[in-house]
Amino acid sequence: MDNPTILVVEDEPSIAEVVSLYLQRSGYAVTVLNDGAAALEWLSAHKASLVVLDLMLPNVDGLEITRWLRSHSDTPIIMLTARREETDRILGLEMGADDYVVKPFSPRELVSRVRAVPRRTGGSGGVEEKRLSFEDMTIDPITRLVVIQDEEITLTAREFDLLWWMARHPRQVFNRDQLLDQVWGISEYIDPSTVTVHIRRLREKLESDPSNPRHIQTVWGVGYKFEP
Ligand code: CA
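About the criteria used
- Residues numbered from 1 in each chain as written.
- Predicted model: local features only at pLDDT ≥ 70, side-chain atom pairs only at ≥ 80, totals over all residues.
- Heavy atoms only, no water.
- Helix = DSSP H or I, 4+ residues; strand = E, 2+ residues; numbered from the N terminus.
- Rg over C-alpha atoms; globule rule 2.2 N^0.38 Å.
- Buried < 20%, exposed > 50% of the residue type's maximum accessible area, 1.4 Å probe, protein only.
- Contact = heavy atoms within 4.5 Å.
- Areas by Shrake-Rupley, 256 points an atom, 1.4 Å probe, with all protein chains shown as cover.
- Lys, Arg positive; Asp, Glu negative; His and termini not counted.
- Charge placed at Lys NZ, Arg CZ, Asp CG, Glu CD.
- Donors = N, O, S within 2.8 Å, 3.2 Å for Na, K, Ca; no water.
- Axes fitted to C-alpha atoms, helices over the stretch in contact; angles between N-to-C directions.
- Parallel < 35°, antiparallel > 145°, perpendicular 65-115°, else oblique.
- Nonpolar A, V, L, I, M, F, W, Y, C, P; charged D, E, K, R; others polar.
- Salt bridge = Lys/Arg side-chain N within 4 Å of Asp/Glu carboxyl O.
- Pairing = 2+ DSSP bridges.

Participant: Where do I start with the overall build of the chain in this structure?
Facilitator: Along the chain, the regular secondary structure elements total 8 helices and 11 strands. Against the 2.2 N^0.38 benchmark of 17 Å for 228 residues, the chain shows a C-alpha radius of gyration of 18 Å, consistent with a compact globule. By its C-alpha atoms, the chain is 50 × 35 × 30 Å across when sized along the principal axes. Per-residue burial for the chain yields a buried fraction of 50% across its 228 residues. A separation threshold of at least 6 residues defines the contact pool for the chain, and within that pool the share at least 24 residues apart is 55%. Surface accessibility of the chain: about 11500 Å² in total, with carbon and sulfur atoms responsible for 47%. The distance from the centre of the 26 positive side-chain charges to the centre of the 36 negative ones in the chain is 5 Å.

Participant: Looking at this model, I keep getting lost on the coordination of the calcium ion. Mind explaining?
Facilitator: Ideal geometry at a metal centre: 109.5 degrees between donors when four sit tetrahedrally, and 90 or 180 degrees when six sit octahedrally. Within the first shell, the calcium ion binds the protein through Asp11 (OD), Asp54 (OD) and Met56 (O), at distances of 2.1 to 2.3 Å. Written as a sequence motif, the donor arrangement for the calcium ion is D-x42-D-x1-M.

Participant: Can you walk me through the packing of helix H6 (residues 157–167) against helix H8 (residues 193–206) in this structure?
Facilitator: Geometry of a packed helix pair, given as the angle between the helix axes and the separation of the axes. Where H6 meets H8, the axes come as close as 10 Å, and the angle between the chain directions of the two elements is 85 degrees. Taken together, the axes of H6 and H8 lie roughly perpendicular to each other. For the pair H6 and H8, the contacting residues are Arg158, Glu159, Leu162, Leu163 and Met166 in the first and His198, Ile199, Arg201, Leu202, Lys205 and Leu206 in the second. Across the contact of H6 with H8, the residue classes break down as 6 nonpolar, 1 polar and 4 charged.

Participant: Mind showing me how you'd approach the pattern of salt bridges here?
Facilitator: A side chain of one charge can pair with a side chain of the opposite charge when the charged atoms of the two come close. Using the criterion set out here, one finds 14 salt bridges in the structure. Across the pair Asp54 and Lys103 runs a salt bridge, and its minimum N-O distance is 3.0 Å. Of this pair, Asp54 sits in strand E3 (residues 50–54) while Lys103 sits in strand E5 (residues 99–103), and the two are 49 residues apart along the sequence. Taking the shortest distance from any N to any O, the salt bridge between Arg131 and Asp140 comes out at 3.1 Å. Among the residues examined, Arg131 registers a relative accessible area of 53% and is labelled exposed. Several salt bridges share partner residues, and in doing so they unite Glu10, Asp54 and Lys103 into one network.

Participant: Just to check I follow, could you spell out the sheet that holds strand E9 (residues 151–154) for this structure?
Facilitator: What links the strands of a sheet is backbone hydrogen bonding, and the strands pair in either a parallel or an antiparallel sense. Ordered in space as E6-E7-E8-E9, the 4 strands form an open sheet in which the pairing is antiparallel. Two strands lie at the open edges of the sheet, namely strand E6 (132–133) and E9, each paired on one side alone. The pairing of E6 with strand E7 (residues 137–140) spans 2 bridges and is antiparallel. For Leu132, the partnering residue across the bridge sits in E7 and is Ile139. Sheet strands in contact with H6 are E6, E7 and strand E8 (145–148), and its direction is about 110 degrees off that of E7. Where H8 meets the sheet, its contacts fall on E7, E8 and E9, and the angle it forms with E9 comes to roughly 160 degrees.

Just distances and angles here, no functional claims.
Right under this line is the structure:
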């Protein structure tokens, strides 16, 4: 993956062109598509290192693509949204998009977001990158896999980051704003219910009884904690 391919899905030619130009100048290979159906077709045959995704697209919209992509892979997604599309933006994040930029945006800002996403998902090694093992669960920050009783569980980038943060601070209670700050890093723009959605998805993937979780516990009136 020396020259990872970023898929840009955007039907506005001038935006697609400038985004593609800036990403190429930053050293990325870029594939541009201007139609949602074509994007789904491309994604079912290729693997992108990251998808820059406009929400309003002909034929199949960005939310539909996000939903499809999340059920097939953990490829990072950055949404391009118009200011009035706030509801869709929140929906997209709840479906597992990693980040978004609001139009009009500076191409430089987009490039820096693109750089930030693989840092989160790449697991480049470091002091904190030691695997965590609990009685029935191992969390590996390098492979970003969770293993429960020999079964590998695949999490989205954000689900993993949330679990990783909480598991590294066992029994410490965090409220939703604190988790947004630590895991999303942009709490002022995101609806705190995004955290609730991610907690629910983690429980569904990791807990044998999601309604009576053993690890990811609710502390009523306060927030959440990881119980080893
Ligand atoms: Ca559009």
